[in-house]
Amino acid sequence: MLLENKVVMVTGAASPRGIGKATAKALAEQGAHVVVIDLRKEDAQAAAADLGKAHLGLACDVTDKAACVAAVHATLERFGQVDGLVNNAGITQPVRTLEIGAKDFDAIIDVNLRGTLYMSQAVIPAMKERKRGSIVCMSSVSAQRGGGIFGGPHYSAAKAGVLGLAKAMAREFGPDHIRVNSITPGLIQTDITGDKLTPQMREEIIKGIPLGRLGDAADVANACVFLTSDLSSYLTGITLDVNGGMLIH
């Protein structure tokens, strides 16, 4: 198994059809002890229980640094180490530039970008102590192409910020053997997109995807497994596109 006895935290991992839960499942199948992080304790614990007895569910608001630190402490108490973090928690909002208000902007930036920073800050000391670790940051194709299907410009800005943050952390913590990489999913079929995509929209979008289909959460999950495992031991600061060819650059 690629991740036997490794401990990996995944934020935003309780949504039934989400990328986070698919990632948690894929990590567990490769032998990892998975820590499911989500806003509601009950949801996180239920998602962890779905994976088996060797996993942990914790409540955490990633925009609250103290909560992030507490989640890492709880993980260390249970497992004694943290080998990986998947910064998956995120929210989106389909509005145009002139419609973005201050509260909208703050909410999108807080969860997607600030949350990535706070969770990374929380796990890095434990990783530095052991001189090893892998952090995966979830960005989006919308950060690269200047807008997506459902996310507004502030979402694109937040996800572009994730790319810059990940590269900077990769450079800073490389000497500590902590790898930091990003994933940029294209349009993935999840609970967020499922009820918004009409058959006509789906058909038009697929026309622009060389592989001829929308992405599944498992496609992104498998990329997370790769970047968390030692298969990617010489990769840091990279951006891994998982978009079926929607954007080739």
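Criteria and thresholds
Residues numbered from 1 in each chain as written. Predicted model: local features only at pLDDT ≥ 70, side-chain atom pairs only at ≥ 80, totals over all residues. Heavy atoms only, no water. Axes fitted to C-alpha atoms, helices over the stretch in contact; angles between N-to-C directions. Helix = DSSP H or I, 4+ residues; strand = E, 2+ residues; numbered from the N terminus. Parallel < 35°, antiparallel > 145°, perpendicular 65-115°, else oblique. Left-handed = near helix turned anticlockwise from the far one by under 90°. Contact = heavy atoms within 4.5 Å. Nonpolar A, V, L, I, M, F, W, Y, C, P; charged D, E, K, R; others polar. 1 Å grid on protein atoms, 1.4 Å probe; cavity = no way out; pocket = protein on both sides within 12 Å on 5 of 7 lines; lining within 4 Å. Points joined across faces, edges and corners; volume = space filled by probe spheres on them. Salt bridge = Lys/Arg side-chain N within 4 Å of Asp/Glu carboxyl O. Buried < 20%, exposed > 50% of the residue type's maximum accessible area, 1.4 Å probe, protein only.

A. Structural detail: the packing of helix α1 (residues 19-29) against helix α9 (residues 217-228). The geometry of α1 relative to α9 is characterised by a closest axis approach of 8 Å and an angle of 50° between their N-to-C directions. Of the possible angle classes, the one that applies to α1 and α9 is oblique. Between α1 and α9 the crossing geometry is right-handed. The residues of α9 that touch α1, namely those facing Ile19, Ala22, Thr23, Ala26 and Leu27, are Ala217, Ala218, Val220, Ala221, Asn222, Cys224, Val225 and Thr228. Classifying every residue of the contact of α1 with α9 by side-chain character gives 10 nonpolar, three polar and no charged.

B. Quick look at empty space enclosed by the protein. What the rule picks out here adds up to one cavity of 30 Å³ or more. Its volume calculated, the largest cavity comes out at about 30 Å³. Every residue along the wall of the largest cavity is listed here: Thr11, Val62, Asn87, Asn88, Ala89, Val111, Gly115, Thr116 and Met119. Considering each element in turn, the lining of the largest cavity owes the most residues, four residues, to helix α4 (residues 102-130). For the lining of the largest cavity, the residue count by class is four nonpolar, five polar and no charged.

C. Geometry of the layout of surface pockets. Approximately 250 Å³ is the volume attributed to the second largest pocket. Gly133, His177, Ile178, Arg179 and Ser233 are the residues nearest the centre of the second largest pocket, which is lined by 16 residues in total.

D. How the structure looks around the pattern of salt bridges. Under the counting rule described, the total for this entry stands at 11 salt bridges. Salt-bridge contacts for Asp176 lead to Lys131; the nearest nitrogen and oxygen are separated by 3.0 Å. Within this pair, whereas Asp176 is found in the loop between α6 (153-173) and β6 (178-185), its partner Lys131 is found in the loop between α4 and β5 (133-138), the two being separated by 45 residues in sequence. For Asp176, a relative accessible area of 11% corresponds to the buried category. Classification of Lys131 as partly exposed rests on a relative accessible area of 43%. Taken together, the shared-partner salt bridges in this structure form one network comprising Arg40, Glu42 and Asp43.

E. Representation of unusual backbone geometry within the structure. One non-glycine residue with positive phi stands out, namely Asn5, at about 65°. Mapping Asn5 onto the fold places it in the segment before β1 (7-11). The phi dihedral of His177 is positive, around 60°, even though this residue is not glycine. For His177, the position within the fold is in the loop between α6 and β6. Of the residues examined, His177 reaches a relative accessible area of 54% and is grouped as exposed.

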